[in-house]
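# Coordinates in review
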Amino acid sequence: MSWYQRNKWWMVRVMRLPVDVFVFATLAFFLIRLLPGDPVSVALATINQPKTPELEHNLRIQMGLDGSVWDQLLRFWGNLLHGSLGTSLDTHLPVTREVLDRLPATIEIIMLGLGGAFVVTMVLGFLYIRFANEGLRRFIRLTTGFATSVPVFVVAIFGILVFYVILGWLPAPLGRVASGQSLPLVTGFPLLDEVLTGNFADLGQTLLRYVLPVGAMILTYTPNLLTQFVGGLDRELAQTATRFQVAAGASRQWIYFSVMRRSVSSVVVIFGLFFGSLIGGAVTIESLFGFGGLGQLGIRAVSTADFPTLQGFMIIIVVFCLVMFVAVDLVNMWLDPRRRPGVSSEES
Amino acid sequence: MSQEAFTLRLAGVRKDFGHRRRRITAVQPIELEVRSDSRLGVIGESGSGKSTLARMIVGLEKPTAGTIEFNGRPVVDWLSSRTGRLEYRRRVQYVAQDTSSSFDPRQTLFEAVATPLRFLCGVTDPHEVRSRLRRIADELALDPAMFGRRPHQLSGGQRQRFSLARALVVEPRLLICDEVVSALDVSVQGTVLNLIKSYVSRHGMGLVFVAHGLPAVSFISSELIVMKRGAVVERGNVAEVLAAPSHPYTRELLSAYSGPDPVSLEAAR
Amino acid sequence: MAETHVSAVLLPRARAARTHFPWGGAAAAFLPLIVIVLVAVLAPLIAPHDPEKTVADTRLAPSGEFWFGTDSVGMDVFSRVVFGARIAVRFGITVAVCATAIGILVGTFIGLSERSRGIQSALGGALNRVSDYIVAIPDIILAIVVVGIMGASDLSLLIAIVLTLVQAPIKLTRMEVLRVRNEAYLEAAELGGESRARAAFVHVIPNSIGPAMRNMPLIFGNCVIILASLGFIGVGVNAPTPEWGYMISSGLSDLMLGEWWETVFPAVFVFLSVLGIAYSSRAIPRVWPRIAAAFSTPSKKRKNLA
C-alpha cells in the first residue's frame, strides 16, 4: 500500500472540512434571512432616536442588508474568502475578532468539563469491569437514570448553595479572579496565560474558582458518557475476541486494557453529538459564574440587535463544532479502523 | 360484465438493472402476445427475469428498451395520464407473492378491497360497495365476516385470497399472477389454483401466471414460456411442451417434478 | 428489519388471549407527565397569590403564609413557581406538537424523495442536508440568534426551539419511511389507483409516525431545558412572566447573601420536572407495545384460523 492509500482516510475527512464550512456559512446566510421579522426594525426599536428613513437606510447598509439577496450573498462570499464576517454595530470591531477573543476561554471550560467527565467515566468503567458486583452495577444503573441533560446551571446552583452559601469553602461565583484584578492576555486561554506569564497566585485563584463550574459539568455529563461506555463494555466483554484472549491465557491487565480500548470509541462517538449541548451548557455556566465569554457576547448582541455579530457568532461557533466533529471522527477512525471510509472496499 | 377483447403485445422488450459496469440484463429482448383468451404460463428459476416481465406489464418497472402495447397504445402512454392510468389498472391487475406486508397493517380488509373499487371503478355508494364485496367473496369462497379483520389476523392462504379479491373486485380483463402460490402450503396451493382457474374461465379473461413450479403452471395455463437467465428458451402449447421439450433446461425442469404435485393431490381429495 | 416488523405485528396476536390494558405500567410511566400538566392546568387553584403582583414585603423567608418566601420585589415565590409550570407546559406542548407534526411531514417528504427522480429528489436531498447542518448548531446558540434577529417574543422563542427540536422527528420519520416505502402494500395501493399523495397520507404516514410520536415526551423535556436556559441567560420570555430560568437568575444576587429561596425553589422545580419527563420519555416506549396490544385485541368472535 502506498503512503497515499494508507493515509487517505484522514486526508479525505480533513479535506471535506472547508467544503462543509462554506456550505454551512451559506446555509446560515439564508436561514437568518428567511426568519420572519426584520432585524433593521428590531434594531430601530432599540435606538432612542427619531426614526428617519435615512437612519433606517444607513442601518441597513451597516448590517449588509441592502440590495437584493443575491447582491448580499456575493458580498457575503467575498468577505468570507477574506476571512471577514462584517463589523459589529455596537463596538465597531471586526466580528471575527469579537468572537475569537472570547472563544478560547469558553473552549477551556468545555475541555475541562468534558475531560473531567471522560476521566471519571474511565475510572468508573474500569471499576465496573474490575469489580463486577451487583451493588456497583446497581449504582451505575441508577447513575445512568440521570443520563439526560439536567441543565448544568441548575446543578451548579445547588453546588453554589452548598459549597459557598452554606459551607463557605469555595469563593463567590464572581469571575475567574478576585474582583479588581485582571487576567493576563496571551493566548486567550486563561489558565494557560497565567502559566505563561508566571502568575501563579492568579492561577491558584482561578483553579479554585473553576472547582464549582467544572465540577457541575462533570456531574452533569458523566452519566451520559457512562451510559455509552458501560454499554460498549458489555458488548465488548461478550465478544469472541475477548473470550479468545481469556482462553489463550492473556494477563488480566492486558484483557482489561484491550476491552477498555475497544469500548472507548463508543464514548468518543457521542462526544460529537454532545458538543452542541456542551456549548449551550458552557454559555449558561459562564453567565452564572460571571466569566464573560461567548454567552455574554451573544446576549449583548441580542440586546443591541447587533445583526452582523449575531450572524458571525453563529457561523464561527458552528465552524468550531465542525472542526470538533472532524477531530472526533479522526480519533474514532484511529481507534477503530472499521470506521475508516474505503476500508472495506480495499479488502474486497 | 364487460367481455371486451384486448391484445397485449410486447415487442423487443428488454430490462437492465444497475449502472454502467454493474449492469445486469434481467430480461433479454422478448416478443410476446397475450389475448383475452390467453392462459399464459411463465416458468423459470429465481432470477430468470419472469417476475420482472410481469412487473413490466403492469407498469411497476419501466422497460429499458422495446414497447409494451395494450390495445395498440403503449403502456407508458396509458400510465402517463391520470385517467389513462386508472383505465389501464381497471383492465390489468396484478397479484404478487403473499408477504406479511401485502396489506397495510392499519387497514381492515374491507377498506383494502374497497379501495380499488372506489378509485378504479368509481363505486362509492356504500350499498353497492358492500354488494360488490359480497359477490367477490362468494366467488372466491371467502367468509364475508373476515372483511372486518386486519391482515395480521389471517393465515397466509386467506391473505392471498384477499389479495386476489382486491385485484379481481374491479373485474379486470387481464390478471397477472406473480408467484401467487409459492409461499403457501401445498394443500392451500391447490385451493387457490382452483379458484383462479375457475374464476378466469367463468369471466373469460386473460391470465399471465408466473411461477417456478411446473405443476401449478401446467395445471392452470394453456400456453407456456420457459425462461432462463432473462431469455425465453422454449415456448408453445403446454401439452406439446410437456410431451416433447426441446431445450435441455425444460427437460431438467420436467424431470425434477416426478413426485406428487399439488393439483393431483387436490383432485384426489 | 423485516424480522422486527414481523414480530411487532405478530406479538400482539400471540398474547391476545390475555391482553388487558396495563393500568399499573401505564400509570407509572405517565405519572410524572400527568403531575406536571396538572400543576400547570390547576395553577390558579393551587397558587395562593397573583404571580405577577407584589403581595408582601421583599425577601421574606419561607413561612406559613408564604411557603417559599417572597422575592426581591415582594412577589410570592410559591405562586410564581407554580405558574412557572404553566409557562413550561404551554411551551413544551406547543413545541412538541409543532415539531412532531412538521418533522413527520418533512421527514416523510425526504424519505419518499430519496431514489425518486427530478426536482422532488433534488429538493428532498437538499432538505436532508440542511437538516444535517442545522443539527450541528448548538441549540442555545441558535435560539440566541433567532431571538436576536426577530426580537424577543413568544413567537421567536417558539420558532427558535422548534427549529432545533424538529430535527429529531425528521430523522426518525425518514428512517421509518425508508422502511415502509419498500412494503408491498404501497405497490398494491398504486395498482388500486390511489394517487401518490393519498398513499403518502393514508399508508406511509400512519405506518411511520411511531418513533416520532414516542419521541414527543423527549421534545417536551428538551423544550423545558432550553426555555429555562434561555430565561436564565436573559434571552427568554419578558420580565415579570413567572418563568423558571428567569426566576433563578434574578434571585442569584440574593442567593450570595444567603437568601436562597428565590433561586433554589425554581431550580428544584426545573430539576424535578426534567427528571420526571426524562423518566416518562423512557418508560412510555417500554409500556407502549402493551398499551397498543390492549387496543388492537381482536374481537371476541374469533373464528378458526385454519
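Because the structure is predicted, anything quoted here is derived from the model rather than measured.

### Focus on the overall build of chain B
Secondary structure assignment for chain B yields eleven helices and ten strands. Taking 18 Å as the expected radius of gyration for a compact globule of 269 residues, we find that chain B reaches 18 Å, a close match to that expectation. With the C-alpha coordinates of chain B rotated into their principal frame, the extents come out at 55 × 50 × 35 Å. When the 269 residues of chain B are sorted by exposure, 51% land in the buried category. In chain B, the proportion of contacts linking residues at least 24 apart, taken out of those at least 6 apart, comes to 68%. As presented, chain B carries roughly 11800 Å² of accessible surface, and 49% of it is formed by carbon and sulfur atoms. For chain B, the separation between the mean place of its 37 positive charges and that of its 28 negative charges on side chains is 6 Å.

### What to know about the overall build of chain C
Secondary structure summary: chain C contains 15 helices and zero strands in total. By the burial criterion, 52% of the 306 residues in chain C qualify as buried. Nonlocal contacts in chain C, meaning residues at least 24 apart in sequence, comprise 70% of its contacts between residues at least 6 apart.

### Considerations on helix α5 (residues 118-135) of chain C
The first and last C-alpha atoms of α5 of chain C sit 26 Å apart over 18 residues, in line with the 26 Å expected at 1.5 Å per residue. For α5 of chain C, the complete set of buried residues consists of G124, N128, S131, Y133 and I134 of chain C.

### Quick look at the arrangement of the chains
Out of two pairs of chains that touch, the pair holding the most contacts is chains A and C. Kept free of each other, chain A and chain B leave a smallest C-alpha distance of 15 Å between them.

### Some remarks on the interface of chain A and chain C
Each partner contributes to the interface: chain A provides 47 residues, whereas chain C provides 44 residues. Counting each side, the surface lost to burial between chain A and chain C is near 3900 Å², with a carbon and sulfur contribution of 86%. The largest per-residue losses of area from chain A upon contact with chain C belong to L35, F153 and I157 of chain A, which jointly make up 13% of the total buried on that side. Our count for the contact surface shared by chain A and chain C stands at zero salt bridges.

### Section: the sheet that holds strand β2 (residues 24-35) of chain B
Sheet strands line up and pair through hydrogen bonds in the backbone, either parallel or antiparallel. Residue and element names in this part refer to chain B. Ordered in space as β2-β1-β4-β5, the four strands form an open sheet in which the pairing is antiparallel. Because the sheet does not close on itself, it has two edges, and the strands there are β2 and β5 (73-74). Where strand β1 (residues 7-17) lies against β2, eight bridges are found, and the strand directions are antiparallel. Residue pairing for β2: T7 is matched across the bridge by R35.

### Quick notes on the interface of chain B and chain C
Contacts between the two partners involve 31 residues from chain B and, on the opposite side, 27 residues from chain C. Counting the surface lost from both chain B and chain C, the interface buries some 2400 Å², and carbon and sulfur atoms represent 50% of this. Among the residues of chain B in contact with chain C, S101, H152 and Q153 of chain B are the three that bury the most area, contributing 22% of the side total. Scanning the region where chain B abuts chain C turns up two salt bridges. A salt bridge links R89 of chain B to E190 of chain C; its shortest N-O distance comes to 3.4 Å. The interface formed by chain B and chain C contains ten residue pairs in polar contact (both at pLDDT 80 or more). Listing elements by their share of the side of chain B that touches chain C, those giving two or more residues are α1 (50-58), α3 (82-91), β6 (92-95), α4 (109-120) and α6 (156-168) of chain B. Here the residues of the side of chain B that touches chain C sort into eleven nonpolar, eleven polar and nine charged.

### Structural notes on the side chain of Q311 of chain A
Within the secondary structure, Q311 of chain A sits in helix α13 (residues 307-335). Q311 of chain A sits in the buried class, given a relative accessible area of 6%.

### Details of the state of the cysteines
Throughout the structure, instances matching the rule amount to zero disulfides over all chains. Considering cysteine sulfurs only, C223 of chain C is the nearest to C98 of chain C, which forms no disulfide, with 10 Å between them.

### Brief notes about the packing of helix α7 (residues 154-165) of chain C against helix α8 (residues 167-180) of chain C
Residue and element names in this part refer to chain C. At a closest axis distance of 4 Å, the pairing of α7 and α8 adopts a crossing angle of 35°. Two secondary-structure elements touch here, α7 through L163, T164 and L165 and α8 through Q167, A168 and P169. Its residues assigned to classes, the contact of α7 with α8 comprises four nonpolar, two polar and no charged.

The rules behind these values
Residues numbered from 1 in each chain as written. Chains lettered and ligands numbered in written order. Predicted model: local features only at pLDDT ≥ 70, side-chain atom pairs only at ≥ 80, totals over all residues. Heavy atoms only, no water. Helix = DSSP H or I, 4+ residues; strand = E, 2+ residues; numbered from the N terminus. Rg over C-alpha atoms; globule rule 2.2 N^0.38 Å. Buried < 20%, exposed > 50% of the residue type's maximum accessible area, 1.4 Å probe, protein only. Contact = heavy atoms within 4.5 Å. Areas by Shrake-Rupley, 256 points an atom, 1.4 Å probe, with all protein chains shown as cover. Lys, Arg positive; Asp, Glu negative; His and termini not counted. Charge placed at Lys NZ, Arg CZ, Asp CG, Glu CD. Expected span 1.5 Å × (residues − 1). Buried area = accessible area lost by both parts, 1.4 Å probe. Salt bridge = Lys/Arg side-chain N within 4 Å of Asp/Glu carboxyl O. Pairing = 2+ DSSP bridges. Polar contact = N/O pair within 3.5 Å; in protein donor to acceptor, adjacent residues only side chain to side chain. Nonpolar A, V, L, I, M, F, W, Y, C, P; charged D, E, K, R; others polar. Disulfide = S-S within 2.5 Å. Axes fitted to C-alpha atoms, helices over the stretch in contact; angles between N-to-C directions.

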